[in-house]
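Fold and geometry: a report
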Amino acid sequence: MIDSRIPKFYRLSVAERLQLLHDRGVLSDADHAALRDGTSSLDVETADRLIENVIGVFSLPMGLGLNFRINECDYLVPMVVEEPSIIAAVSSVARLVRQAGGFTSVADESLLIGQIQVVDVDDPERARLAVLARSREILDLADSGHPNMVARGGGARGVEVFLRGETAQNGELLVVHLSVDTRDAMGANLVNSMCEALAPLIEEITGGRVFLRILSNLTDRALVRARAVIPPALIATGDFTGEQVRDGIVLANEFAAMDPYRATTHNKGIMNGVDAVALATGNDWRAIEAAAHAYAARGIRYAPLTAWSVDEHGNLVGELTMPLKVGTVGGQVESNPAVRLARTILGVSSARELAEVMAAVGLAQNLAALTALSTKGIQHGHMRLHARAVAAAAGAEGARFDEVVDRLIADGEIKVWKARQIMQTLDGAVAEASSAAESAAEPATPPPASALAAARPPVSPGAPGPDAQVGYGKIILLGEHSVVYGHHAIAAPIGLSVRAEATRTTTSGEPMIADWSVDGSVREPIRKDISHRVAALITGRLGVPAEGLRIAVFSDLPRASGLGASAAFAVAVIRAVAGRFNLRLSDAEVSGLAFECEQIVHGTPSGIDNTVATFGRPVLFRKTDAVGGHEIRDIVTPYPIPVVIGISGVHALTSQTVGLVRTAWQKNPARYDSIFTQIDALVLAGVESLRHGDIAELGELMNINQGLLNALQVSSPEIEQLVAIARRAGALGAKLTGGGGGGAMIAIAEPGGAEPIIAAMRRAGFTTYLTEIR
């Protein structure tokens, strides 16, 4: 078996590389000579038989992707590409994944769809049923002209009929889909000829007129799924821990999932790898590109083809799903000698195997790009953001602001005292201002933590650094308050979060928590009694010393708004403290400790906030009888669902509204249990709506839930105003989220309908955010 691991291959000359491949048995004598002598390329005479008006042959470099292990087999992957670094990047990642066991890649049964357009149909529904009733006859006719394909196990597999709506002049459009197994051929000519042959029969059955009959390049019946599971230790770099790189990759993927502009570049990187293999193996890269991008746009917005996540063991998990209809036989594949040679090197035995290799290369290319962006690229951006925040905190403004930032970065000492020193130098008044600078500048050696706590908050570090740990904000889609009494609720993370960094000083003193906005400004202070109790609980449970511990918290979550800020705060602080003392906690352990912190803040929390703040994914949640116990089930939607968040501006403590509902329930348990049961039924129906992507049904369930929450008297005039604004602006559903009594509300709309809702809320003076459930 070929070993794809060839150390220091890049250091060899081309001639030495060819000789090595020949010595290893990868290249035969003839193939080695063809590559060595340059006779492996397409000649002009052959090219003139392939396309029109030939004047020459255009060449591109062909290299080898090394180190690939896919489905427990090694592959040397030929790649044709003109862009530098692509082959080096995938080879490096393939080596890394190889150490983790390699890629797994699975291709579905590969079917190609042919379309027959039928117009001028008198009774479209009758025609649709008639076509389906005669499916066997249609399949037999399609196969009759291609006995060799049928003998190889291929041929027509299924018939579908769609009514697409009214045309301008020719009645309702009826479209017949013919699914064909083309085996190892790309199959375009085969499917087109089948559709041509079926046209008279389709006209006879429907009574309409067949117009176009042609294959579709949206090959979503030929999906391939590639996967890699990578321990964090394998992706650590000199400047970043494996966990930091892992979390950066997940965060970068979230950017693509939420922003179509980023998703486009994200997917282009995937296709850098896929197209290079397609070119080398003589496949139609244009059709592959068209299918990939159409598949990426199948939901309500263009989305990434990969998903990166963290499993229960802390491993980075990457998954790529995309359509890949490729071929290994046929004139176009076999007419080019360079293609024949590339296929010999690759050594695949079927089109399915080729598709599985191509998907693994695409996933490797994506991982290489995200790793680079999440380390060097993010570090550079972080330093500049940090320097800008520090310069602003030091009072730099006007024309000298950018110069202060540049000098901070060049100096490497990004501190407020250093920024003030630079400003004095720029002003030419160092000597005159030395006395003032002595008292105003941040000292290079900080005073003891206890002194800082007594005098003022610590100077903001400006922005969270690469060691910052995250806790996710959340929305409750359905099920507030009833969830406290053991019923279900649906909750999902949002793009707003809390990040925390822990440091230790050599001085004594109580642990200190300082809260900052991400722009470096001081937020409203945390209540000292709560912060001290939370810090004492966390350090006590983790068994770490509290003295000298300083925690900087960076939050873009509005407080007391029902978005889980306190739980996100607890999760971020727990992870930061654990990270500072090199303690490895499971997500379940983090969530359990965060629940105890929530008890300090809220009294009797349900557990839903700390669960979502920790795990960061949509869940169906139910509290159990055990303290802190719960059942969770992941919720998957077929496509992302945009959610508008409206902030009422009225701070509301969850502990207060939960207490009010509990008092009312204690007075009349039967009445309130009935309301809770109705809400629970809405939640379970909502799970099905999400699973099927039925936004209209989900919106109706939200509206009913809001009515029941109003009956519980946990809404507010501001929330009701926001709900009314959202519905008037086109929201399918709108309701409060969280404890109520103020805080926040959420709204969903048809695809493209979020912007009018946001605009209407902002015109009324409310703050809004846009997030999504996915």
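Residues take numbers from 1 onward in each chain, read along the sequence in its written order. Per-residue local features are limited, in this predicted model, to residues with pLDDT of at least 70; the limit for side-chain atom pairs, both in listing and counting, is 80 or more; totals at the level of whole chains, interfaces and linings are taken over all residues. Values reported for side chains reflect all heavy atoms of the structure, with hydrogen atoms and water molecules removed beforehand.

With that settled, the discussion passes to the confidence of the model for the protein. Predicted coordinates in regions of low pLDDT should not be interpreted in detail. Looking at the protein, the pLDDT average stands at 85 and 87% of residues meet or exceed 70. Here pLDDT means the predictor's own confidence in every residue, given as a number from 0 to 100. Only heavy atoms matter for contacts: two residues are in contact if any of them lie within 4.5 Å across the pair. In the model, residues 429–464 has pLDDT below 50 throughout and makes 50 contacts with residues more than four positions away in sequence or in other chains. Scored below 50 in pLDDT, residues 516–526 makes 35 contacts in the model with residues more than four places away or belonging to other chains.

Next up on the list: the sheet that holds strand E6 (residues 172–181). Pairing between two strands requires that DSSP report at least two bridges joining them. Secondary structure elements follow DSSP: runs of H or I of four or more residues count as helices, runs of E of two or more count as strands, with numbering from the N terminus. Pairing in this open sheet of 4 strands is antiparallel, and the strands run E5-E6-E4-E7 from one edge to the other. In this open sheet, the two edge strands, each paired with only one partner strand, are strand E5 (155–166) and strand E7 (209–215). Adjacent strand axes in the sheet meet at a mean angle of 20 degrees, parallel and antiparallel pairs treated alike. In this sheet, E6 lies alongside strand E4 (residues 111–119) in antiparallel orientation, the contact comprising 8 bridges. Its bridge partner lying in E6, Gly114 is registered against Leu178. For helices, the fitted line uses only the C-alpha atoms of the stretch in contact; every axis is such a line through C-alpha atoms, and the angle between N-to-C directions lies from 0 to 180 degrees. Contacting E5 and E6, helix H5 (residues 124–133) runs over the sheet at an angle of about 175 degrees to E5. Lying over the sheet, helix H6 (residues 135–144) contacts E5 and E6, oriented at roughly 120 degrees with respect to E5.

What follows deals with helix H25 (residues 695–711). Between its first and last C-alpha, H25 extends 24 Å over 17 residues, near the 24 Å set by a 1.5 Å rise per residue. Among the residues of H25, Ile695, Leu698, Gly699, Leu701, Met702, Asn705, Gln706, Leu708 and Leu709 are the ones counted as buried. Just past H25, the residue Gln713 takes up positive phi, approximately 65 degrees. A helix is expected to span 1.5 Å for every residue after the first. For every residue, the accessible area obtained with a 1.4 Å probe (protein chains only) is divided by the maximum for its type, and the residue is called buried under 20%, exposed over 50%, and partly exposed between those limits.

Our next topic: the nonpolar core. Membership of the largest hydrophobic core comes to 96 residues, with the highest contact counts inside it found for Ile490, Val577 and Met745. Here this core takes 12 residues from helix H20 (residues 565–580), the largest share from any one element. Here Val577 is in contact with Ala502, Ile538, Leu542, Val544, Leu549 and Ile551, once residues within four sequence places are set aside. By nonpolar core we mean a set of buried residues, namely Ala, Val, Leu, Ile, Met, Phe, Trp, Tyr and Cys, connected to one another through side-chain atoms within 4.5 Å. Ala94, Ala256, Leu305 and Leu367 belong to the second-largest nonpolar core, a separate cluster that totals 61 residues.

So, about the side chain of His177. Positionally, His177 belongs in strand E6. Look at His177 and you get buried, because its relative accessible area is 8%. Of note is the side chain of His177, whose polar atom sits 2.9 Å from the side chain of Gln115. Setting aside its immediate chain neighbours within four residues, His177 contacts Ile113, Gly114, Gln115, Gly158, Val159, Glu160, Phe162 and Arg164. Here a polar contact means two N or O atoms within 3.5 Å. Within protein one must be a hydrogen donor candidate and the other an acceptor candidate, and residues neighboring in sequence count only if both atoms are side-chain atoms.

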